[in-house]
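Examination of the molecular architecture
Next come the chains, spelled out residue by residue.
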Amino acid sequence: MHDKLAQSSTLISQATASTATKLPSRRSLRRFRSNQSKINMSQQQQQLHGRRLNANDSLRETLTELKCMEENDSLRIKALDWLERILAKWSFACSNESHTGSSTSSSKRSDNEDDEDSASPCKKKARAPAVMVNNWQRPRPILITFGSYRLGVHRPCSDLDLLVLAPAHCSRDDFFGSLVQLLQQQSDAIIRQVHPIPTAYTPVIKFTLYGISIDLLFAKGHSAAMQQYQLKRPNPLLLVNSNEKCFNDHRSDEYLIHDADLADQDEAGVRSLNGARVSQMILEKVSPHLPTFRIVLAAVKEWAMAKGIYSNVLGFLGGINYAIMVAYVCIHNPTIANDPVALLECFFITFASWKWPEPVIIGELQLVRPSSCSLQLAGWNPLVSRRDGLQIMPIITPAYPSMNSAYNVDVPQLRQMRNEFVLAANWVVTTHKSKRNCFLRLLRPSDFFASHSHYLQVKITSKTQQEHVEWLRLVESRLRLLIGSLETPELHVWPFGKLFHKPRSMVTQVTTTTTVSATSSVVASEQQQQQQQQGLLADVKTDCEDEDDFESTFYMALRFARGTEQTDIRLLTSDFCHQVYAWEKRTSSMDMSLNHLTASQLPAYVVPPLKLLDDASTATASSSWASSSDGYEDGDDDDGLVETEAIVNESLLGLEKEKREGLVAHEQRPT
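This section reports on the structure supplied with the text. (Residues numbered from 1 in each chain as written. Predicted model: local features only at pLDDT ≥ 70, side-chain atom pairs only at ≥ 80, totals over all residues. Heavy atoms only, no water.)

When you line up the elements, T397 lands in the loop between α12 (386–390) and α13 (411–434). Under the relative-accessibility criterion, T397 is labelled buried at 12%. If sequence neighbours within four positions are ignored, T397 has contacts with V278, I324, S402, M403 and S405. (Helix = DSSP H or I, 4+ residues; strand = E, 2+ residues; numbered from the N terminus. Buried < 20%, exposed > 50% of the residue type's maximum accessible area, 1.4 Å probe, protein only. Contact = heavy atoms within 4.5 Å.)

What follows is the structure, encoded as structure tokens:
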């Protein structure tokens, strides 16, 4: 009996123990929940990572589709190779001239010494033995690329920025003298439109080589490291085979400019060197994340061009400005520096809320003169310079002396750029809500010509292509003066940073009137429209150059303060017109006119074709632009600028005639 009870109690205790082991403890439950949450988080991260990978692939495909980055550099390498051969010939000619001059002076000096010796035979002088110099072993000029090509974000239509580091026997006068003559003597099939500008802030020679626009700067090289590098380069004049290249990829083995190269440089030489130094220093700072930097910079440049805010000459930002801004975001956000989409979104959010004039700096201010530099140059210092303190959009270069690369920016251009930055930031918010990256919508052409009612057109005309290039560059360099003079408390200007070049097939349809109709029946071809979007001068090969005019136009929108009934802008534009027409090289065929146009009178070739989106998304994007623009006018703008009736001038200024008359434009404010 007692044994049965003992067995039953043992069975009960075993069952209870087994039941107790089956029940989970609180610790095990917490552990289970923690593991489950980690699994869920890892799954979400994987999904997010997958969406990011898809978004990055979509961004790359979009940039490839829009041809934002040139994949084949063979033509540019060919141009660099040809230019290096020409520079070698020029340097050899300069060395011969200097050697001939020195030998002539030495021979005269020896003749005088012989006469003195014959006069006093007891007076003998020891002469140094003549040293034979092999001109083929003299240091030669070397080319250094900078700008978009050096950064690796150049487009097929981008220009090529080059710096010539010349040896000591080549002077700046030779650069703008004998080198320009040598370039002008070459075949028109290779090089055209040679235009030296020795009086510019940074002296430059502009020309077109194999269809590529080139800006060529000059600086002397004095350092021993640079001379050794010059001698290491293959001599183009000694190559037996003319088809043999001096180099395969000029960017892979370029000379790196050091502080020692600033020695014995004048101010123009230091400014010329700084263009290449800034590009090299940017690449050095973003080297751990260089592929991401290039993708984001290419997207930002495409966005700026599409929105009409990419032009340093017209007072907007240029390639080096956007490069510094992208480098700033890349350096200060290392956790996302390998994610192009995240970095692009961070770029727009950062600068949409940036409190200008707070400076954008990617390193320390370089204001102290290096020991190797003989010049103490004034850098950007708003505490000392009142002029620097008045600059509204400082984007500081990292090389000595640190300068504001965006000193051209004025109030109208900053207002236009801030508006586009805010719209891009809104795109980022919309993208996160919809979880769908539509980069074509971000990079679509601007709705500038559908968002205003009054426009001022600057029309530039010439008879020949060479005259038009020179005349256009002169007028373009003065347009910032016109934009600044029109900005008043009663009138706000919204410039569009792009020049439009009328297709040649449409020029013959233009009459002598100053108002251009938008109902023209002539439609440009697809290739011509693409050239207009890229802002290129058409390469004309017709036989009727003397009959037709070359025509380019620039546009700015006019918005008037609430309550303004009329405004006469003739006095505001007179200074600009007189400066332009006082150009000493202007001919009778170079003309310009200022025309008031309403939105319905805009020419067809300036309105960009919206082929990137369907009708629904296009309408949505247009309404978002208009709503943000109206909100900006009614809210943040203290002057309350609206479009109302105004008197603007329609002037056709010429050498033989000058006409100014007022046009009254009656139009109700759009709702």
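Packing of helix α8 (residues 267–285) against helix α10 (residues 319–332) brings their axes to within 10 Å, and their N-to-C directions diverge by 20°. Classed by the angle they form, the pair α8 and α10 counts as roughly parallel. The way α8 lies across α10 gives a crossing that is left-handed. Residues V278, S279, I282 and K285 of α8 lie in contact with α10, whose contacting residues are I320, A323, I324, A327 and I331. Of the residues in the contact of α8 with α10, the class split is seven nonpolar, one polar and one charged. (Axes fitted to C-alpha atoms, helices over the stretch in contact; angles between N-to-C directions. Parallel < 35°, antiparallel > 145°, perpendicular 65-115°, else oblique. Left-handed = near helix turned anticlockwise from the far one by under 90°. Nonpolar A, V, L, I, M, F, W, Y, C, P; charged D, E, K, R; others polar.)

What follows concerns the environment of E254. Residue position: E254 is located in the loop between α7 (224–232) and α8. Residue classification places E254 among the buried positions, given a relative accessible area of 9%. In this structure, the C-alpha to C-alpha distance between E254 and I144, residues 110 residues apart in sequence, is 6.4 Å. If we ignore the near neighbours within four places in the chain, the residues touching E254 are I144, T145, R150 and Y229. Of note is the side chain of E254, whose polar atom sits 3.0 Å from the side chain of R150. (Polar contact = N/O pair within 3.5 Å; in protein donor to acceptor, adjacent residues only side chain to side chain.)

If you walk across this open sheet you meet the five strands as β1-β2-β5-β4-β3, and the pairing is mixed. Here the strands that pair on one side only, and so sit at the sheet edges, are β1 (142–146) and β3 (191–197). Within this sheet the neighbouring strands show an average axis-to-axis angle of 25°, counted without direction. As paired strands, strand β4 (residues 204–209) and strand β5 (residues 212–220) are joined by five bridges and run antiparallel to one another. Each bridged residue has a counterpart across the sheet, and for F207 the counterpart in β5 is I214. Strand contacts of α8: β1, β2 (160–166) and β5, with the helix running at about 120° to β5, the strand carrying the most contacts. (Pairing = 2+ DSSP bridges.)

Structural remark: α-helix, 3.6 residues per turn; residues separated by three or four positions point the same way. For helix α9 (residues 290–306), which comprises 17 residues, the first-to-last C-alpha distance of 24 Å matches the rise-based estimate of 24 Å (1.5 Å per residue) to within 8%. Within α9, 13 of the 17 residues are buried, which leaves it mostly tucked inside the rest of the structure. Looking one or two places after α9, you find G308, whose phi comes out positive at around 75°. (Expected span 1.5 Å × (residues − 1).)

This next bit is on a positive patch on the surface. Taken together, R26, R27, R30 and R31 make up a surface patch of like positive charges. For R31, a relative accessible area of 51% puts it in the exposed group. (Patch = residues over 30% accessible without salt bridge, like charges linked within 9 Å, V, L, I, M, F, W, Y side chains within 5 Å. Areas by Shrake-Rupley, 256 points an atom, 1.4 Å probe, with all protein chains shown as cover. Salt bridge = Lys/Arg side-chain N within 4 Å of Asp/Glu carboxyl O. Lys, Arg positive; Asp, Glu negative; His and termini not counted. Charge placed at Lys NZ, Arg CZ, Asp CG, Glu CD.)

Quick look at the packing of aromatic side chains now. Under the defined criterion, the tally for this structure stands at 28 aromatic pairs. Taking 5.0 Å as the distance between ring centres and 35° as the angle between the ring planes, the aromatic pair formed by F175 and F218 counts as tilted. Within this pair, whereas F175 is found in helix α5 (residues 172–176), its partner F218 is found in strand β5, the two being separated by 43 residues in sequence. Its relative accessible area of 2% is what places F218 among the buried residues. Among the aromatic residues, ring-to-ring pairing joins W303, Y328, F347, F348, F351, W354, W356 and F421 into one connected group. A cation over an aromatic ring shows up here: R271 above the ring of Y201, its NZ or CZ 4.0 Å from the ring centre. Just above the ring of W494 sits the side chain of R559; from NZ or CZ to the centre is 5.9 Å. (Phe/Tyr/Trp six-rings, centres within 6.5 Å; stacked < 30°, edge-to-face > 60°. Lys NZ or Arg CZ within 6 Å of the ring centre and 35° of its normal.)

Take the nonpolar core next. Grouped burial of nonpolar side chains is what soluble globular proteins tend to show. The biggest cluster of nonpolar side chains holds 86 residues, and the ones touching the most others in it are W303, Y322, F347, F351 and M592. Not counting residues within four places of it along the chain, the set of residues in contact with F347 comprises V300, Y322, M325, V326, V329 and F421. (Core = buried A, V, L, I, M, F, W, Y, C linked by side-chain atoms within 4.5 Å.)

Limitation: the analysis is restricted to geometry and does not speak to function.
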